[in-house]
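Results of the structural survey
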Amino acid sequence: MTRSDDGTSPGAPLEHNPLALYCERPVRWMQIAMGWCLVGLCLATTYEIIGRRLFGASLQGVNEIGAYLLAIASTWGFSAALLQRAHSRVDFLFQYFPRPVQTLLNLIAAISLSALAIFSAWQGWGVLSDTLRWQAHAATPLQTPLWIPQSLWLAGLVVFAGLATACAAHAAILIVKDPARLDLCYGPPSLKEQIEIETQGTLPAEEARAF
């Protein structure tokens, strides 16, 4: 299996979807940023364990910061999962429907996910606005101003909502202009595509052809 100039493998879901190709780079930077934050958390946790055991010293708030990062990393990862079509779909009967029905279901799925993303962002703003109104702080030794982690958490939801809405609009256009491309861009990934996503296009060509 060869790789294209942008680093994706031929036939990967991104290459069929111009919207996903356009958004892939900023979403990838979000992933990288969260990855480094989690690496930093791992190092801090390691120091916490060693420091407590050997020196009787402790960093304050590692558990608290870890909880914030878990929530933030989750929302920042939603967009990456969307681009890779990695969000779960109950599709065990999907393959038995006629192609027009499959296309309609793919459109409904894209619109439903967009509606859920918008609702989540709206509810997230409600949480943050209450925090700002009451100037809430965490009831912990760090006394963290909660608007800081909540703002980063909400940012992930907003990006996800915007991207999901753009995908739903794109799917609505494709159902009129090119239904087959809608299935390609927003249908459940095939087994081969799932393997390409998991292996990042590094599977040897001989093994890839087996699927």
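Thoughts on the overall build of the protein chain
The helix and strand inventory of the protein chain stands at 8 helices and 0 strands. Beginning at the N terminus, the succession of helices and strands in the protein chain can be written as α-α-α-α-α-α-α-α. For the protein chain, the proportion of contacts with a sequence separation of at least 24, taken over those separated by at least 6, is 68%. About 12800 Å² of surface is accessible on the protein chain, with carbon and sulfur atoms providing 67% of the total.

A look at the confidence of the model for the protein chain
With 86% of its residues at a pLDDT of at least 70, the protein chain reaches an overall mean of 85. Between residues 1–12, whose pLDDT stays under 50, and residues either more than four places distant or in other chains, the model counts 29 contacts.

Side note on the environment of Leu69
Within the fold, Leu69 resides in helix 3 (residues 62–83). Judged by relative accessible area, which is 13%, Leu69 ranks as buried. Along the primary structure Leu69 and Cys37 are separated by 32 residues, whereas in three dimensions their C-alpha atoms are 7.6 Å apart.

Looking at the environment of Ile72
Position of Ile72 relative to the elements: it lies in helix 3. In this view, Ile72 contacts Met34, Pro149, Leu152 and Trp153; residues no more than four positions away in its chain are not counted.

Considering the packing of aromatic side chains
Scanning the model with the defined rule gives 2 aromatic pairs in all. Above the face of the Phe94 ring, Arg89 is positioned so that its terminal group lies 5.4 Å from the ring centre.

Observations concerning the pattern of salt bridges
Taken as a whole and assessed by the stated rule, the structure comprises 4 salt bridges. Measuring nitrogen to oxygen at the nearest pair gives 2.9 Å for the salt bridge that ties Arg52 to Glu48. Note that Arg52 and Glu48 are positioned in helix 2 (residues 18–55) at a spacing of 4 residues, about one turn of the helix. With a closest N to O distance of 2.6 Å, Asp130 and Arg133 form a salt bridge.

What about the nonpolar core?
Judged by nonpolar contacts, the single largest core of 25 residues is most densely connected at Leu82, Leu83, Phe160, Leu163, Cys167, Ala171 and Tyr186. Among the elements of the structure, helix 2, helix 3, helix 4 (99–134), helix 5 (147–177) and helix 6 (179–186) are those that each provide at least two residues to this core.

So, the packing of helix 5 against helix 6
The description of two packed helices rests on the angle between their axes and on the distance between the axes. Across the interface, helix 5 lies against helix 6 with an axial gap of 6 Å and an inter-helix angle of 150 degrees. The angle between the axes of helix 5 and helix 6 places the two elements in the roughly antiparallel class. Side by side, helix 5 and helix 6 meet where Cys167, His170, Ala171, Leu174, Ile175 and Lys177 of the first sit next to Pro179, Arg181, Leu182, Cys185 and Tyr186 of the second. Taken together, the residues of the contact of helix 5 with helix 6 sort by class into 8 nonpolar, 1 polar and 2 charged.

Brief notes about the side chain of Ser114
Within the secondary structure layout, Ser114 lies in helix 4. If sequence neighbours within four positions are ignored, Ser114 has contacts with Ala164, Thr165 and Ala168.

A word on a nonpolar patch on the surface
A grouping of Val90, Phe92, Leu93, Tyr96, Phe97 and Val101 is seen on the molecular surface, where their side chains present a nonpolar patch of about 670 Å² in accessible area. Tracing the backbone shows Phe97 in the loop between helix 3 and helix 4.

Comments concerning the packing of helix 3 against helix 5
In the contact formed by helix 3 and helix 5, the axes pass within 8 Å of each other and the chain directions differ by 10 degrees. If you check the angle between helix 3 and helix 5, you find them roughly parallel. Counting all contacts with helix 3, which are made through Tyr68, Ala71, Ile72, Thr75, Trp76, Phe78, Ser79, Leu82 and Leu83, the residues of helix 5 involved are Pro149, Leu152, Trp153, Ala155, Gly156, Leu157, Val159, Phe160, Leu163, Ala164 and Cys167. Partitioning the contact of helix 3 with helix 5 into residue classes produces 17 nonpolar, 3 polar and no charged.

Details of the side chain of Gln102
Within the secondary structure, Gln102 is located in helix 4. Judged by its relative accessible area of 11%, Gln102 falls in the buried class. Among all residues touching Gln102, those that are not within four sequence positions of it are Phe94, Gln95, Phe97 and Asp183.

Thresholds, definitions, all that
Every chain begins its residue count from 1, and numbering advances along the sequence as written. A pLDDT threshold of at least 70 governs which residues receive local features in this predicted model, and a stricter bar of 80 or more applies before side-chain atom pairs are shown or counted, although totals over entire chains, interfaces and linings include all residues. Calculated side-chain values reflect all of the structure's heavy atoms, with hydrogen atoms and water omitted. Where helices and strands are cited, they refer to DSSP runs of H or I of at least four residues and of E of at least two residues respectively, numbered from the N terminus. The criterion used for residue contact is that any of the two residues' heavy atoms lie within 4.5 Å. Note on areas: Shrake-Rupley with a 1.4 Å probe; residue coverage comes only from the protein chains shown. Scored between 0 and 100, pLDDT is the confidence that the predictor attaches to each residue. When a residue's accessible area, from a 1.4 Å probe over protein chains only, is under 20% of the maximum for its type it is buried; when over 50% it is exposed; and in between it is partly exposed. Here the aromatic set is Phe, Tyr and Trp, taking the six-membered ring for Trp, and pairing holds for ring centres within 6.5 Å; pairs whose planes are under 30 degrees apart are stacked, those over 60 apart are edge-to-face, and all others are tilted. Whether a charge lies above a ring is judged from NZ of Lys or CZ of Arg, which has to be within 6 Å of the ring centre and within 35 degrees of the ring normal. Salt bridge, as applied in this entry: a Lys or Arg side-chain nitrogen positioned within 4 Å of an Asp or Glu carboxyl oxygen. We define a nonpolar core as any set of buried Ala, Val, Leu, Ile, Met, Phe, Trp, Tyr and Cys residues linked to one another through side-chain atoms lying within 4.5 Å. Lines are fitted to the C-alpha atoms to define the axes, a helix being fitted only along its stretch in contact, and any angle between axes, read from their N-to-C directions, falls within 0 to 180 degrees. What sets the label is the angle itself: under 35 degrees gives roughly parallel, over 145 gives roughly antiparallel, 65 to 115 gives roughly perpendicular, and the rest give oblique. When residue character is reported, Ala, Val, Leu, Ile, Met, Phe, Trp, Tyr, Cys and Pro are called nonpolar, Asp, Glu, Lys and Arg charged, and the others, Gly included, polar. Residues with no salt bridge and a relative accessible area higher than 30% make up the patches, which join like charges within 9 Å and nonpolar side chains (Val, Leu, Ile, Met, Phe, Trp, Tyr) within 5 Å.

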